[in-house]
Amino acid sequence: METTDTASLAVTEPLLSGSNEISLDDKGRFVVPVRFRALLKEYCNGELTLTRSLSDKCLWIYPKPKWECVVRQLGCLPTLTDPLCRAVQRVVLGNAISVKTDAQYRLLVPPELRRQVSLEHKAWLLGFSDKFELWADEQLQKQRLQDEKIMSCALEHFDEHKALSELKL
């Protein structure tokens, strides 16, 4: 059985998971939850990129090394010939803003991004493997209801779903 040194794994490939209720102050800043601070400091020196999600009314927050991978992948898309590829670049790259945590581990969410996803004071930060999702409270509650409907309908045929058929939970 192969083992993995989780300490070295955390530095090279952080696993961002869990949900945290957060508050944005009047300037649009939120404090990064304590459990992510050391990881973000070590992995990306607190440098992150915020952008719009392609599919949901939330923001994606990438640590800098992961964002650089996203930029490379998007740069390879055939944007001259494919309108969908152009649209993807416009949404993801056109809304991207680099930020850095301050001394109090706060991140500023610029007003234009807050407006696009209806983000006010109460929000949720969800770890989503290699990035975070930042949700307005009301939007996340709607999404959770939608997710429940999708899951309850799909569970009967879970093993028939191509991407999920081999998943062992």
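Note that this is a predicted model, so its numbers are computed, not measured.

Conventions and cut-offs
- Residues numbered from 1 in each chain as written.
- Predicted model: local features only at pLDDT ≥ 70, side-chain atom pairs only at ≥ 80, totals over all residues.
- Heavy atoms only, no water.
- Core = buried A, V, L, I, M, F, W, Y, C linked by side-chain atoms within 4.5 Å.
- Buried < 20%, exposed > 50% of the residue type's maximum accessible area, 1.4 Å probe, protein only.
- Helix = DSSP H or I, 4+ residues; strand = E, 2+ residues; numbered from the N terminus.
- Contact = heavy atoms within 4.5 Å.
- Pairing = 2+ DSSP bridges.

Trainee: Please explain the nonpolar core as it appears in this structure.
Mentor: Buried together is how nonpolar side chains tend to be arranged in soluble globular proteins. F30, L40, L59, I61, V109, L119 and L134 are the most contacted members of the largest nonpolar core, which totals 26 residues. Elements that contribute at least two residues to this core include exactly α2 (34-44), β3 (47-52), β4 (59-63), β5 (97-100), β7 (122-128) and β8 (131-136). If near-sequence neighbours (up to four positions away) are discounted, I61 is found in contact with F30, L48, T49, L50, L125, K131, F132 and L134. In this structure, W67, V92, W124 and W135 belong to the second largest nonpolar core, which totals 12 residues.

Trainee: Just to check I follow, could you spell out the pairing of β7 for this structure?
Mentor: Remark: a regular strand shows side chains that alternate across the two faces of the sheet. Counting buried positions over the seven residues of β7 gives five, a clear majority of the element. Summarising the sheet, strand β1 (residues 19-23) and β7 pair through five bridges and their orientation is antiparallel. Looking across to β7, one finds that I22 is bridged to A123. Here β7 folds back onto β8, and the loop between the two strands holds two residues, one of which, S129, carries a positive phi near 75 degrees.

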